[in-house]
Amino acid sequence: MNTTLACVFPETLPDAGLLSPLVQVFAQVVHMQAVENEPLQTDSEFVRLCLQQGRLQTFTPAPLGEDRQRFMALVEDMRRHGADYTTQLSMLTLAGLNRGGEQRESTHALIADLLQRTDIREKEEQQLQLWQSRLVLKLGEWFDQQQADIDHALERIVSRQNTLLQELREEEEDNPFSLTAGLGESSRASDPLLRHRLKAWARLCFHDQQKPPGLLVTGEAMAMEVLQEVYEKLCKQAAPTLLRLALPLTAGEKTKSPVPLVSSLPELEALVQQLSEPLSAARAGEISTAWAALSNSWQLLLERHFPAADTARGTLELVYFPGISAKRLLLEGFAGSMRIAASTDEETETGCCIGLVKR
């Protein structure tokens, strides 16, 4: 039975465009939730289908527990007071995230002012940082929702454009509306919260001994670039790409059921399962060799279910970071002020693998 998991970061809301290719390889795709027991709000039929079939799951590190009601009251207050209050809150939160360890007192005062309505000002600094991280992730969720609305509007524009072109029987090279075609593709690259969202996600996810479930996967090229740069500085070597898998790029809306292609290729399932565990250099080499022997089978299977003539292709790149754990790598890369001593990290000498979906 396929038990492979992909843990997506730093998004906390599922994106059908990222979910649909990942469910072709992984049995489940997991999203971290900033607050426990929150229903996932989505307009996507495909996302709802994945939830119903158990292909999409959530996990919440450091649950708020008895503080949940107070945190949600703050979130609701943000909603009630509208854009002005949200802008002020985001500026205070992001300023606090940019402060270093030498400015802890001012950071503490800033967060205390931000959370003055919640009666948590007396809590220890770590708890205040976790609240701060949750607020950033909430702001990120709102950004995602707004971006989804923009994307849907662009889709309607492109649909109308195509209808007009068909009626006018114009050739594609003479398309006067061609500037609108790429707007949706570049929209996510303009996320102003991305760096802060990555820091908040790493802080919340790795604040204690709990580990995120499954293989860490991101759709943000910038996130992978940061990790590779930090790794080269720490370990004085480049992180190699272990393997590349072609994936179908479909939002899934026309798919009646997610198709777990990996269930038809158990050898690949076994390899992917190993990538989510601490990985030695020797074992990484064996996995790379095994994948070379399987790649043709995967291409044939992919073509059978999603012909290249009908479906665009993306890539899942699995990058190997020898001699460092995912915990240390992400905290060093995204939350540099929270450094982890190598001697206290039992996985440091083993290595980890991080995935990047290129669309």
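Per chain, residue numbering runs from 1 following the sequence as it is written. Since the coordinates come from a predicted model, pLDDT governs what is reported: local features require at least 70, and pairs of side-chain atoms require 80 or more to be given and counted, while whole-chain, interface and lining totals use all residues. As a rule here, side-chain values come from all non-hydrogen atoms in the structure, and water together with hydrogens is ignored.

### Topic: the overall build of the protein chain
Moving on, step 1. Across its full length, the protein chain carries eleven helices and seven strands.
Moving on, step 2. Summary of the burial criterion: residues with accessible area below 20% of their type's maximum are buried, those above 50% are exposed, and those between are partly exposed, where the area comes from a 1.4 Å probe applied to protein chains only. Evaluated residue by residue, the protein chain yields a buried proportion of 50% over its 359 residues.
Moving on, step 3. Whether two residues touch is decided by their heavy atoms; if any such pair falls within 4.5 Å, the residues are in contact. Here the contacts in the protein chain between residues at least 6 apart in sequence split such that 80% fall between residues at least 24 apart. Counting from the N terminus, the helices are the DSSP runs of H or I reaching at least four residues and the strands are the DSSP runs of E reaching at least two.

### Focus: the environment of Gly323
Moving on, step 1. With respect to the helices, strands and loops of the structure, Gly323 is situated in the loop between strand S6 (312-322) and helix H11 (326-334).
Moving on, step 2. When the C-alpha positions of Gly323 and Ala281 are compared, they lie 8.2 Å apart, and in sequence the two are 42 residues distant.

### Observations regarding the nonpolar core
Moving on, step 1. By nonpolar core we mean a set of buried residues, namely Ala, Val, Leu, Ile, Met, Phe, Trp, Tyr and Cys, connected to one another through side-chain atoms within 4.5 Å. With 50 residues, the main nonpolar core has Phe9, Trp201, Phe321, Leu330 and Ile354 as its most contacted residues.
Moving on, step 2. When residues in this core are grouped by element, the largest group, eight residues, is from helix H5 (residues 125-168).
Moving on, step 3. When sequence neighbours within four positions are dropped, the list of residues in contact with Trp201 reads Cys7, Val8, Phe9, Pro10, Met32, Leu137, Phe206, Pro212, Leu216 and Leu330.
Moving on, step 4. Val23, Ala246, Ala284 and Ile287 belong to the second largest nonpolar core, which has 44 residues in total.

### Side note on the pattern of salt bridges
Moving on, step 1. Here a salt bridge means any side-chain nitrogen of Lys or Arg lying within 4 Å of a carboxyl oxygen belonging to Asp or Glu. If you walk through the whole model with that rule in mind, you get ten salt bridges.
Moving on, step 2. One salt bridge in this structure joins Arg48 and Glu45, with 2.7 Å as the shortest N-O distance. Highlighted residues: Arg48 and Glu45, both in helix H2 (residues 45-52), separated by three residues, approximately one helical turn.
Moving on, step 3. Accessibility expressed as a relative area gives 52% for Glu45, which makes it exposed.
Moving on, step 4. Across the salt bridge formed by Glu317 and Lys358, the nearest N and O atoms sit 3.1 Å from each other.

### Regarding the packing of helix H7 (residues 194-205) against helix H8 (residues 221-235)
Moving on, step 1. Two numbers describe how H7 lies on H8: the axes approach to 11 Å, and their chain directions differ by 65°. For the element pair H7 and H8, the recorded crossing hand is right-handed. Each of Leu194, Arg195 and Leu198 in H7 lies in contact with H8, whose residues at this interface are Met222, Ala223 and Val226.
Moving on, step 2. By the convention adopted, Pro, Cys, Tyr, Trp, Phe, Met, Ile, Leu, Val and Ala count as nonpolar, Lys, Arg, Asp and Glu as charged, and the other residues, Gly among them, as polar. For the contact of H7 with H8, a count of residues per class yields five nonpolar, no polar and one charged. The convention used is that axes are lines fitted to C-alpha atoms, helices contributing only their stretch in contact, and that angles between N-to-C directions extend from 0 to 180 degrees. Working rule for handedness: look at the near helix, and if it is turned counterclockwise from the far one by less than a right angle, call the crossing left-handed; if clockwise, right-handed.

### Regarding helix H10 (residues 281-305)
Moving on, step 1. One less than the residue count of a helix, multiplied by 1.5 Å, gives the span that helix is expected to have. Taking 1.5 Å per residue, 25 residues should reach 36 Å; H10 reaches 34 Å between its end C-alpha atoms and fits that length.
Moving on, step 2. We define the bend at any residue as the angle between the axes fitted to the seven residues before and including it, ending there, and the seven starting there. Leu294 marks the point of greatest bend in H10, at about 45°.
Moving on, step 3. Three or more residues of H10 are buried, namely Ala284, Ile287, Trp291, Leu294, Trp298, Leu301 and Leu302.
Moving on, step 4. Tucked into the core, H10 has its buried residues touching strand S5 (241-249), helix H9 (266-275) and S6.

### Some details on the state of the cysteines
Moving on, step 1. Note on terminology: pairs of cysteine sulfur atoms within 2.5 Å are recorded as disulfides. Under the defined criterion, the tally for this structure stands at zero disulfides.
Moving on, step 2. Unpaired in this structure, Cys7 has its nearest cysteine sulfur neighbour in Cys205, at a distance of 5.7 Å.
Moving on, step 3. In this structure Cys7 comes out as buried when scored by relative accessible area, which is 0%.
Moving on, step 4. With no disulfide of its own, Cys352 has Cys353 as its nearest cysteine by sulfur position, at a separation of 7.5 Å.
Moving on, step 5. Using a relative accessible area of 6% as the deciding quantity, one classes Cys352 as buried.

### Considerations on the confidence of the model for the protein chain
Moving on, step 1. Per-residue pLDDT for the protein chain has a mean of 79; in total, 72% of the residues score no lower than 70.
Moving on, step 2. Here residues 99-111 scores under 50 on pLDDT; set against residues more than four positions off or in separate chains, the count is twelve contacts.
Moving on, step 3. Here residues 338-346 is a poorly scored stretch, pLDDT under 50, and it has 13 contacts once near neighbours within four places are set aside; other chains count. Note on scores: pLDDT gives the predictor's confidence for each residue, bounded by 0 and 100.

### Regarding the packing of aromatic side chains
In this description, a pair of aromatic rings is defined by centroid distance and the angle of the planes.
Moving on, step 1. The rule is short: rings of Phe, Tyr and Trp, with Trp giving its six-membered ring, pair when the centres are within 6.5 Å, and they are stacked under 30 degrees, edge-to-face over 60, tilted in between. For the structure shown, the criterion picks out five aromatic pairs.
Moving on, step 2. Between Phe9 and Trp201 the ring centres are 5.3 Å apart and the planes differ by 35°, which places this aromatic pair in the tilted class. One end of the pair, Phe9, is in strand S1 (residues 5-9); the other, Trp201, is in helix H7, and 192 residues separate them in sequence. An identical accessibility class is assigned to Phe9 and Trp201; each is buried.
Moving on, step 3. Both rings, one in Phe9 and one in Phe334, keep their centres 6.3 Å apart while their planes meet at 50°; by these two values the pair is tilted. Residue Phe9 is located in strand S1, and its partner Phe334 is located in helix H11; the two are separated by 325 residues in the primary sequence. Neither residue differs from the other here; Phe9 and Phe334 are each classed as buried.
Moving on, step 4. Pairwise contacts between aromatic rings join Phe9, Trp201, Phe206 and Phe334 into one cluster.

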